[in-house]
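# Results of the structural survey
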Amino acid sequence: MVIIHGGTILTVTDGIIEGGSILLGDDGRIAEVFASHTEVPGATVVDAADKYVVPGFVDAHTHLGICNLEVGEIGEDENEMTNPATPACRAIDAVYTWDSGFADALAGGVTTVFTGPGSGNVIGGQSITMKTAGSDIEKMVLQDPAGLKTASGENPKRVYKGKNQLPSTRMGTAKVLREALLKARDYKERRAGAEPPATDLEMEVLCKVLDGEIPLRMHSHRADDMITMIRIRDEFGIRMVIEHGTDSARIRDDLSKAGVAVITGPLLDVSPKVETASSSFATPHLLHEAGVLTAIMTDHPVIPIESLRLEAAIAAYEGGAGEQEALEFITINPATILGLEQRIGSIAKGKDADVVIWSGHPFKASSIAEKTFVNGRLVSEVKA
Amino acid sequence: MIRIVAQHLFDGHEIINDALVTVDGARVVGVEAGSATVEADYTAAWMTPGFIDLDSGIGLKEESLGFEGNDLNEATDAVTPEMQAIDGISPYDTSLHKSLMGGVTTALVMPGSSNVVGGRGAIVHMAGATANDMSIRTPFGVKFSLGNDPKQAHGQKRTPMTRMGNAFLIRDVLTKARDYKEKKKEYNMKYEALLPLLAGEDVAFFQALRADDIITAVRLAQEFDLRYVITGAFDADLVIDQLRNKKATVAFGPIIMSRGADEIKRLHPENAVTLLNSGVRTAIIAGHPNYPARYLRISLGLLVGHGISPATVLAAVTSVSAEILGLTGYGEVRPGSMADLALFKGEPWEPEGVVEHTFIGGNEVYTAS
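So, how was this worked out
Residues numbered from 1 in each chain as written. Chains lettered and ligands numbered in written order. Predicted model: local features only at pLDDT ≥ 70, side-chain atom pairs only at ≥ 80, totals over all residues. Heavy atoms only, no water. Helix = DSSP H or I, 4+ residues; strand = E, 2+ residues; numbered from the N terminus. Rg over C-alpha atoms; globule rule 2.2 N^0.38 Å. Buried < 20%, exposed > 50% of the residue type's maximum accessible area, 1.4 Å probe, protein only. Contact = heavy atoms within 4.5 Å. Areas by Shrake-Rupley, 256 points an atom, 1.4 Å probe, with all protein chains shown as cover. Lys, Arg positive; Asp, Glu negative; His and termini not counted. Charge placed at Lys NZ, Arg CZ, Asp CG, Glu CD. 1 Å grid on protein atoms, 1.4 Å probe; cavity = no way out; pocket = protein on both sides within 12 Å on 5 of 7 lines; lining within 4 Å. Points joined across faces, edges and corners; volume = space filled by probe spheres on them. Nonpolar A, V, L, I, M, F, W, Y, C, P; charged D, E, K, R; others polar. Pairing = 2+ DSSP bridges. Axes fitted to C-alpha atoms, helices over the stretch in contact; angles between N-to-C directions. Left-handed = near helix turned anticlockwise from the far one by under 90°. Buried area = accessible area lost by both parts, 1.4 Å probe. Salt bridge = Lys/Arg side-chain N within 4 Å of Asp/Glu carboxyl O. Polar contact = N/O pair within 3.5 Å; in protein donor to acceptor, adjacent residues only side chain to side chain. Expected span 1.5 Å × (residues − 1). Phe/Tyr/Trp six-rings, centres within 6.5 Å; stacked < 30°, edge-to-face > 60°. Lys NZ or Arg CZ within 6 Å of the ring centre and 35° of its normal. pLDDT = per-residue confidence, 0-100. Core = buried A, V, L, I, M, F, W, Y, C linked by side-chain atoms within 4.5 Å.

## Points about the overall build of chain A
Counting secondary structure elements, chain A contains 11 helices and 16 strands. Taken against the 2.2 N^0.38 rule, which gives 21 Å for 384 residues, the C-alpha radius of gyration of chain A at 21 Å falls within 12% of a compact globule. Projected onto its principal axes, the C-alpha coordinates of chain A cover approximately 65 × 45 × 40 Å. Looking at the 384 residues of chain A, the share that counts as buried comes to 61%. Here the analysis covers contacts within chain A between residues at least 6 apart in sequence; of these, 66% occur between residues at least 24 apart. Summed over all atoms, the accessible surface of chain A reaches about 14200 Å², with 49% contributed by carbon and sulfur. If you average the places of the 36 positive and of the 54 negative side-chain charges in chain A, the two averages end up 5 Å apart.

## Comments concerning empty space enclosed by the protein
Residue and element names in this part refer to chain A. This structure, assessed with the given rule, holds one cavity of 30 Å³ or more. Put simply, the largest cavity is a space of about 30 Å³. For the largest cavity, the full set of lining residues is Pro55, Gly56, Ile344, Gly345, Ser346, Asp352 and Asp354. Its residues assigned to classes, the lining of the largest cavity comprises two nonpolar, three polar and two charged.

## Some points on the sheet that holds strand β11 (residues 249–252) of chain B
All names here are of chain B. Taken together, eight strands build an open sheet; the order of strands is β5-β6-β7-β8-β9-β10-β11-β12 and the sheet is mixed. Two strands close off the open sheet at either side, each with one partner strand: β5 (51–56) and β12 (281–284). Put simply, the sheet's adjacent strands are angled 25° from each other on average, direction ignored. With six bridges connecting them, strand β7 (residues 117–125) and strand β8 (residues 135–145) associate as antiparallel partners. When the sheet's bridge partners are listed, Val117 is paired in β8 with Phe144. Together, β7, β8 and β9 (204–208) form the strand contacts of helix α5 (residues 189–198), whose direction differs from that of β8 by roughly 95°.

## Observations concerning the packing of helix α9 (residues 308–317) of chain A against helix α10 (residues 322–329) of chain A
All names here are of chain A. Contact geometry of α9 with α10 gives a least axis separation of 8 Å together with a crossing angle of 145°. When you trace α9 past α10, the crossing you get is right-handed. Seen from α9, the contacting residues are Ala312, Ala315, Ala316 and Tyr317; seen from α10, they are Gly322, Glu323 and Ala326. Among the residues forming the contact of α9 with α10, the class breakdown is five nonpolar, one polar and one charged.

## Considerations on the interface of chain A and chain B
Contact with chain A, which involves 32 residues of that partner, is made by 32 residues of chain B. Between chain A and chain B the total buried area reaches about 2400 Å² when both faces are included, carbon and sulfur atoms providing 58% of it. One can count four salt bridges joining chain A with chain B. As a salt-bridge pair, A:Glu318 and B:Arg294 come within 3.0 Å of each other at their nearest N and O atoms. At the junction of chain A and chain B, the tally comes to 10 residue pairs in polar contact (both at pLDDT 80 or more).

## Description of the sheet that holds strand β6 (residues 57–62) of chain A
Residue and element names in this part refer to chain A. Strand order in the open sheet formed by eight strands is β6-β7-β8-β9-β10-β11-β12-β13, with mixed pairing between adjacent strands. Since the sheet does not close on itself, it has two edges, and those belong to β6 and β13 (294–296), each with one partner. Strand-to-strand twist in this sheet, taken as the mean axis angle between neighbours without regard to direction, amounts to 25°. Strand direction decides the pairing type here: strand β10 (residues 216–220) and strand β11 (residues 240–244), joined by five bridges, are parallel. Bridging from a neighbouring strand, Met218 pairs with Ile242 of β11.

## Quick notes on the pattern of salt bridges
Residue and element names in this part refer to chain B. On inspection of all chains with the given rule, the structure shows 45 salt bridges over all chains. A salt bridge links Asp179 to Lys183, with the nearest nitrogen and oxygen atoms 3.2 Å apart. Overall, Lys183 belongs to the partly exposed group, its relative accessible area being 47%. A salt bridge links Glu323 to Arg281; the nearest nitrogen and oxygen atoms lie 2.7 Å apart. Of this pair, Glu323 sits in helix α11 (residues 319–325) while Arg281 sits in strand β12, and the two are 42 residues apart along the sequence. On the basis of relative accessibility, which here comes to 33%, the residue Arg281 falls in the partly exposed class.

## Quick notes on the environment of A:Pro117
Residues and elements named next belong to chain A. Mapped onto the fold, Pro117 is located in the loop between β7 (110–115) and β8 (123–131). Residue Pro117 is classed as buried on the basis of its relative accessible area of 8%. When the C-alpha positions of Pro117 and Thr13 are compared, they lie 31 Å apart, and in sequence the two are 104 residues distant.

## What about the environment of A:Leu310?
You can see A:Leu310 is positioned in helix α9. Counting along the chain gives 53 residues from A:Leu310 to A:Phe363, while the straight-line C-alpha distance between them is 6.3 Å. A:Leu310 has contacts with A:Leu268, A:Ala365, B:Ile256, B:Ile298 and B:Leu302, leaving out every residue within four places of it along the chain.

## A closer look at helix α6 (residues 211–223) of chain B
All names here are of chain B. Between its terminal C-alpha atoms α6 stretches 19 Å, which fits the 18 Å expected from 13 residues at 1.5 Å a residue. Close packing links the buried residues of α6 with α4 (163–182), β9, β10 (228–232) and α7 (240–245). Phi for Asp225, located one or two positions after α6, is positive at around 55°.

## What about the packing of aromatic side chains?
Counted according to the given criterion, the structure contains 11 aromatic pairs over all chains. A centroid spacing of 5.3 Å and a plane angle of 80° characterise the contact between B:Trp46 and B:Trp349, whose relative ring orientation is edge-to-face. In this pair, B:Trp46 sits in strand β4 (residues 42–49) while B:Trp349 sits in the loop between β13 (341–344) and β14 (355–360), placing the two residues 303 residues apart along the sequence. Neither B:Trp46 nor B:Trp349 differs from the other in exposure class; each is buried. With 6.0 Å between their ring centres and 75° between their planes, B:Phe234 and B:Phe252 make a pair best called edge-to-face. Taken as a pair, B:Phe234 in the loop between β10 and α7 and B:Phe252 in strand β11 lie far apart in primary sequence, 18 residues in all. Look at B:Phe252 and you get buried, because its relative accessible area is 0%. Over the ring of A:Phe114 we find A:Arg217, and its NZ or CZ is 3.6 Å from the ring centre.

## A few points about the environment of A:Asp200
Structurally, A:Asp200 can be placed in the loop between α4 (170–191) and α5 (201–210). A:Asp200 sits 16 residues away from A:Ala184 along the chain, and the two C-alpha atoms are 9.7 Å apart.

## Points about the confidence of the model for chain B
Predicted confidence across chain B gives a mean pLDDT of 97, with 100% of residues reaching 70 or more. Across the interfaces of the predicted complex, the ipTM metric reaches 0.96, alongside a pTM of 0.97.

## Observations concerning the nonpolar core
Residues B:Phe144, B:Leu174, B:Phe206, B:Leu243, B:Phe252 and B:Ile284 are the most contacted members of the largest nonpolar core, which totals 159 residues. If one sorts the elements of this core by residue count, α9(A) sits on top with eight residues. Sequence-distant contacts of B:Leu174, that is, excluding residues within four places in its chain, are made with B:Phe144, B:Leu194, B:Leu197, B:Leu198, B:Phe224 and B:Leu226. Membership of the second largest hydrophobic core comes to 36 residues, among which are A:Leu148, A:Ala174, A:Val205 and A:Val209.

## Describing α5(A)
The periodicity of an α-helix, 3.6 residues per turn, causes residues three or four positions apart to be oriented the same way. All names here are of chain A. Along α5, the residues that are buried comprise Met203, Val205, Leu206, Cys207, Val209 and Leu210. Those residues of α5 that are buried are in contact with β8, β9 (141–151), α4, β10 and α6 (223–236). With a side-chain oxygen positioned 2.9 Å from the backbone nitrogen of Glu202, the residue opening α5 is Asp200.

Here you go:
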């Protein structure tokens, strides 16, 4: 057992506790959160006086470990661009857990990530949710599959137009997705019948989408792309999360009405494409105000994963969100989008003991993540 | 006359508390300490000289555009010293106004890194109706590029395919330009563009990220007795003694960038810390658009977190940069200096310290809503 004596504890879901204590149990969960300084016999004491104690951050859209840092092309296993629909591709088969991005994540206080295929294909493949500490992928994974990566807008049509193949237009992209889902619906019906078809790995995962087991994680920047994809969502009665949503503020009331969550970002970059022109740190707050469940991503390696907190900080002070709301964008909100709000995303009794001790408020650029605990174990330490 | 009171004024060199700064026309005319109570037109928690991004592609590679707005690299030839950045700068790049929102008022805009000799740069303000209005000095600086970028851009078609090829092309064109200078024959635009550099009137900017490329840049500069700056310089900490002994100048950065390539793999804020502590003359850059100039200020916070003093990091984006550019009166807030100013709500290197007002030449060019 470990007892952390705060400090300022930003629980996220239960206010700010000054001078309280947190007991991390041997089972990897938070055993207790004390509102005042409390000694627990037998527990290893970690003194966090004058420090900030913060839940591990959650980055709900990354390519961590799939786009290996440092090695260039040979480490890129992001897009199987040999076919615009590759639903059977699985992120778990491509995550290199020794990639230095994982250490960066811990140094940036990020303890859980959603990592998956890129946006080169209309249907990219199956993403996973995983902790960032460890090396054994089987032990790090929380959800597999966590969602099916899909993409609209510029990227898939640029890739396949270059090969003179379908899709080379937005209409083509919608066709690829719709056709896959229609085929899967047919497969599902036949699977339930007297003469079930041979197992088709692609159809099997699409059936999980049709059954609502996993959402489509839909890469969309432009407002019209989001509207198109929500149309397809409703044709099939499936679940969908909007990724990037660069132009989402423009249609925030529609998104709110549609009950779709948006993971905004990457924000700490120079907008690279026509469809990202309206990129703004004000977007997450505008969405939140409209009632849209909102998170912020790095899209690592687009923005280095350790900068997630800086994106949230700018959203807080320049984007109008304020500190509490912006903190939620990188903790409980992405946890909720992932369906993991009972396990991660805040400091509360019974949740995973993913706790980070910061030298100052994590929204100060000069603050350092001095100690990072994942599942109650100290996994990263920086001497101040 | 504009009177500005700042709780903390960084004047380019040191921090002065409760400062009253008086601006008349385009210039700062007075700086007084201990003036917190006087009436003022503006008050700010922090005030600094406008920041300078020392190796930028702003205006040359326009935000949110693809091919249409990308004029960084004339990569039809690997050696193009006759290109001038000023001819490609768009005053409509939306990043220009965003830079003002981050307190950046000035940049040295350079051609990109695809060519071993990219062309000549332009020192520009981040505001102006045309590139001419933006310009402070042009042409200024010759962009050289070592490492993988020129190999990748050209190697399939022409030299260079290797680092040896990179160095050869630079040595070759400088040798020929030197020869041309001595016995001028037929007019040659490439060699003409290099004459001010060979005469010590211009400065070479070598983009070199890996330690071996940094050392190659120093070797080439010495062979031709060039004034030079190493830009990028992610591996500078590995060759710190050599850089100090050679009295080299480094423009390090960006501090925040994806490490998704071999040459960038060692990028870490601590490398900049080592450099700033070493005595090597060091500026910090955003390297826009690799990292947005608007948030140069926040990348400085990472260095403060690693123990560098606020005055040192702020100097590295103001007075040190101006000195490297030879821009007298820029990068500082002293009587007589240009009134390029940034006013902040809090500590400039922290996200919370947002910019409230930005001035160029005494004109307010950005006001926070």
